[in-house]
Number of protein chains: 2
Amino acid sequence: MLETATQSASFACKRDDHEHCIASALATAERLCAERGVRLTRLRRKVLELVWSNHRPVGAYELLEQLKSCGPAAPPTVYRALDFLQTQGLVHRLASLNAFIGCSHPQAEHTAQFLICRRCRNLAELADDGLSNAVAASARTVGFQAEEQMVEIVGLCEPCRRKGEG
Amino acid sequence: MLETATQSASFACKRDDHEHCIASALATAERLCAERGVRLTRLRRKVLELVWSNHRPVGAYELLEQLKSCGPAAPPTVYRALDFLQTQGLVHRLASLNAFIGCSHPQAEHTAQFLICRRCRNLAELADDGLSNAVAASARTVGFQAEEQMVEIVGLCEPCRRKGEG
DNA sequence: CTATTGATGTTATACTATAACATAACATTG
DNA sequence: CAATGTTATGTTATAGTATAACATCAATAG
Ligand SMILES: [Zn+2]
Ligand SMILES: [Zn+2]
Ligand SMILES: [Zn+2]
Ligand SMILES: [Zn+2]
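The rules behind each value
- Residues numbered from 1 in each chain as written.
- Chains lettered and ligands numbered in written order.
- Predicted model: local features only at pLDDT ≥ 70, side-chain atom pairs only at ≥ 80, totals over all residues.
- Heavy atoms only, no water.
- Pairing = 2+ DSSP bridges.
- Helix = DSSP H or I, 4+ residues; strand = E, 2+ residues; numbered from the N terminus.
- Near = heavy atom within 4 Å.
- Polar contact = N/O pair within 3.5 Å; in protein donor to acceptor, adjacent residues only side chain to side chain.
- Nonpolar A, V, L, I, M, F, W, Y, C, P; charged D, E, K, R; others polar.
- Least-squares fit on C-alpha atoms with pLDDT ≥ 70 in both.
- Contact = heavy atoms within 4.5 Å.
- Donors = N, O, S within 2.8 Å, 3.2 Å for Na, K, Ca; no water.
- Tetrahedral: all angles 85-135°; square planar, octahedral: opposite > 155°, others 65-115°.
- Buried area = accessible area lost by both parts, 1.4 Å probe.
- Salt bridge = Lys/Arg side-chain N within 4 Å of Asp/Glu carboxyl O.
- Buried < 20%, exposed > 50% of the residue type's maximum accessible area, 1.4 Å probe, protein only.
- Axes fitted to C-alpha atoms, helices over the stretch in contact; angles between N-to-C directions.
- Left-handed = near helix turned anticlockwise from the far one by under 90°.

> Whenever I open this one, the pairing of strand 1 (residues 91-94) of chain A confuses me. Can you help?
The two faces of a sheet get side chains in turn, since along a regular strand they alternate between them. All names here are of chain A. Pairing of strand 1 with strand 2 (residues 99-102), which is carried by four bridges, proceeds in the antiparallel orientation. By the bridge assignment, V91 is partnered in strand 2 with G102. The hairpin formed by strand 1 and strand 2 contains four residues between the paired strands, and N98 there has a positive phi angle of roughly 45 degrees.

Next up, the structure:
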């Protein structure tokens, strides 16, 4: 499959595909961690599964509640797992929501942009290299060397736009 | 003075100009609030002054401590003032830092981008309409209608870049 | 096996933000 | 001015987010 510069996820995922979408994310994570020689432990795997199961930006304490159903868990438990998953590029943190979301293409290095629908609360991840370059270029005009970008966009996704302002 | 699409502030402000820079921000705020028929009360004005005095992204509880030196103050005191100032476009909130900064050109409608130096912790505000349009256009490619943008860029400002990685 | 390292458990605490209700200041108007 | 409605502030409590510090456990490596 040819990959375009701009990829999106989550808005596109139908409810029916969702089990597959979780399984696929976990399989990719297993593979990447094996390749990298890092340990996707049961706990970390479980947290990643929960992140994908929610299928929308989810807070650390929400994950904690869900995690408690399979054993004891305290805040550091979930934050440590999330730190690992972020380091491995398997989840992203959304600064404007204090929430986490599974990365939809963790196999590729990318700077991501996030589209947050204010109506249905769903999220899509872009990896628009052109946009990312434009951001870096804009910073460079004032002599600033960009290293990390946080681009989070709030608005209406297509389905919600069709349904009207509601 | 001709204004270009991309404006920057804060990195450019020398320490010597800083008193003037605070006074000017307060004067502009007074004028804008008068024009709009909203009340820049003593408390709100004081909070805005503190935001500018710090001259870098500053947390609500830092402001609270500073505010306590002129009377009683609790968290809601400072958060309410900040809410007002944000609504009037006089300060911006930085989602990635949980911090606030004075807007460097509150007289004009704009979507801002923020450059955060990881070394000196200073911040510059851009208002690059071209970039803002590029962000909106990128969202539109997947049918998303952008309404609010959060663009926060971490890296090295020019002076810090010259001084080396440190 | 044992030393070393990395991962998890556990408790406490720091930091960020808002809810809820009481009081005070300000504005309108009769 | 007095009565009233409205906006702003004071005050207390609590919700929500994240990390420090230290103990224990599990997985390698020698
Ligand atoms: Zn991603
Ligand atoms: Zn939507
Ligand atoms: Zn601004
Ligand atoms: Zn710097």
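> How do you make sense of the protein's contact with DNA strand D when you look at a structure like this?
If you check the shell around DNA strand D, you find 17 residues, and the closest are Y61, Y79 and R93 of chain A together with T41 and R80 of chain B. Here DNA strand D approaches the protein such that, of its atoms within 4 Å, sugar and phosphate make up 45%. The separation between a base nitrogen of DNA strand D and a polar side-chain atom of R80 of chain A is 3.2 Å. Counting residues per element, the ones that place at least two in the surface near DNA strand D are helix 4 (75-87) of chain A together with helix 2 (42-54) and helix 4 (75-87) of chain B. Looking at the surface near DNA strand D element by element, the count peaks at four residues for helix 4 of chain A. Taken together, the residues of the surface near DNA strand D break down into eight nonpolar, three polar and six charged.

> Even after reading the chapter, I still don't get the relation of the copies chain B and chain A, so can you show me in this structure?
Between the two chain copies there is a screw-like relation: a rotation about an axis and a shift along it. Taken as rigid bodies, chain B and chain A are interconverted by a rotation of 180 degrees and an axial shift of 0.0 Å, the fit giving an RMSD of 0.0 Å. In symmetry terms, the pair is related by a two-fold rotation axis. Within chain B, the C-alpha atom positioned nearest to the axis of rotation is that of V151 of chain B, 2.3 Å from it. Looking at chain B, 100% of its interface residues are interface residues in chain A too, so the copies touch through the same face.

> I keep staring at the coordination of the zinc ion (ligand 3) and nothing clicks. Help me out?
Where a metal carries four tetrahedral donors, each ideal angle is 109.5 degrees; where it carries six octahedral donors, the ideal angles are 90 or 180 degrees. Residues and elements named next belong to chain B. The coordination sphere of the zinc ion (ligand 3) contains the protein donors H92 (NE2), C103 (SG), H110 (NE2) and E125 (OE), at a distance range of 1.8 to 2.3 Å. In this structure, the zinc ion (ligand 3) is surrounded by four donor atoms whose angles at the metal cover 98 to 132 degrees, and the resulting shape is tetrahedral. Mapping the donors of the zinc ion (ligand 3) onto the primary sequence gives the spacing H-x10-C-x6-H-x14-E. Remark: C103 occurs in the loop between strand 2 (99-102) and strand 3 (113-117) and H92 occurs in strand 1 (residues 91-94); sequence separation between them is 11 residues.

> Looking at this structure, how should I read the interface of chain B and chain A?
How large an interface is tends to be reported as the accessible area lost when its parts come together. Taken together, the 35 residues of chain B in the interface contact 35 residues of chain A. Carbon and sulfur atoms supply 63% of the area buried between chain B and chain A, which totals about 2800 Å² over both sides. Across the contact surface, chain B and chain A share two salt bridges. R118 of chain B is paired through a salt bridge with E147 of chain A; the nearest N and O atoms lie 2.6 Å apart. Run the count over chain B and chain A and you get 15 residue pairs in polar contact (both at pLDDT 80 or more). Those elements that place two or more of their residues in the side of chain B that touches chain A are strand 3, helix 5 (129-140), strand 5 (145-156) and helix 6 (158-163) of chain B. The element that contributes the greatest number of residues to the side of chain B that touches chain A is strand 5 of chain B, accounting for 12 residues. Tallied by class, the residues present in the side of chain B that touches chain A amount to 19 nonpolar, nine polar and seven charged.

> How should I be thinking about the coordination of the zinc ion (ligand 4) in this particular structure?
All names here are of chain B. Protein coordination at the zinc ion (ligand 4) comes from C117 (SG), C120 (SG), C157 (SG) and C160 (SG), with a distance range of 2.2 to 2.4 Å. Of note is the zinc ion (ligand 4), whose four donor atoms meet at the metal with angles of 104 to 113 degrees in an arrangement that counts as tetrahedral. Written as a sequence motif, the donor residues of the zinc ion (ligand 4) are C-x2-C-x36-C-x2-C. Of the two residues, C120 is situated in the loop between strand 3 and strand 4 (123-126) and C160 in helix 6; the sequence distance between them amounts to 40 residues. Note on C120: relative accessible area 28%, which makes it partly exposed.

> So what exactly am I meant to see when it comes to the packing of helix 2 of chain B against helix 3 (residues 60-68) of chain B here?
The axes of two packed helices give the description: the angle between them and the distance between them. Residues and elements named next belong to chain B. Where helix 2 meets helix 3, the closest approach of the two axes is 10 Å, and the angle between their N-to-C directions is 115 degrees. Between helix 2 and helix 3 the crossing geometry is right-handed. Counted together, L43, K46, V47, L50, V51 and N54 of helix 2 and L63, Q66 and L67 of helix 3 form the full contact between these two elements. Split by residue class, the contact of helix 2 with helix 3 holds six nonpolar, two polar and one charged.

> Can you walk me through the protein's contact with DNA strand C in this structure?
Near DNA strand C, the surroundings consist of 17 residues, among which T41 and R80 of chain A together with Y61, Y79 and R93 of chain B are the closest. When the atoms of DNA strand C within 4 Å of the protein are sorted by group, sugar and phosphate make up 46%. Separating a phosphate oxygen of DNA strand C from a side-chain N or O atom of R44 of chain A is a distance of 3.3 Å. Residue R93 of chain B places a side-chain N or O atom 2.3 Å away from a phosphate oxygen belonging to DNA strand C. Secondary structure elements with two or more residues in the surface near DNA strand C: helix 2 (42-54) and helix 4 of chain A together with helix 4 of chain B. Take the surface near DNA strand C: its biggest share by element is four residues, from helix 4 of chain B.

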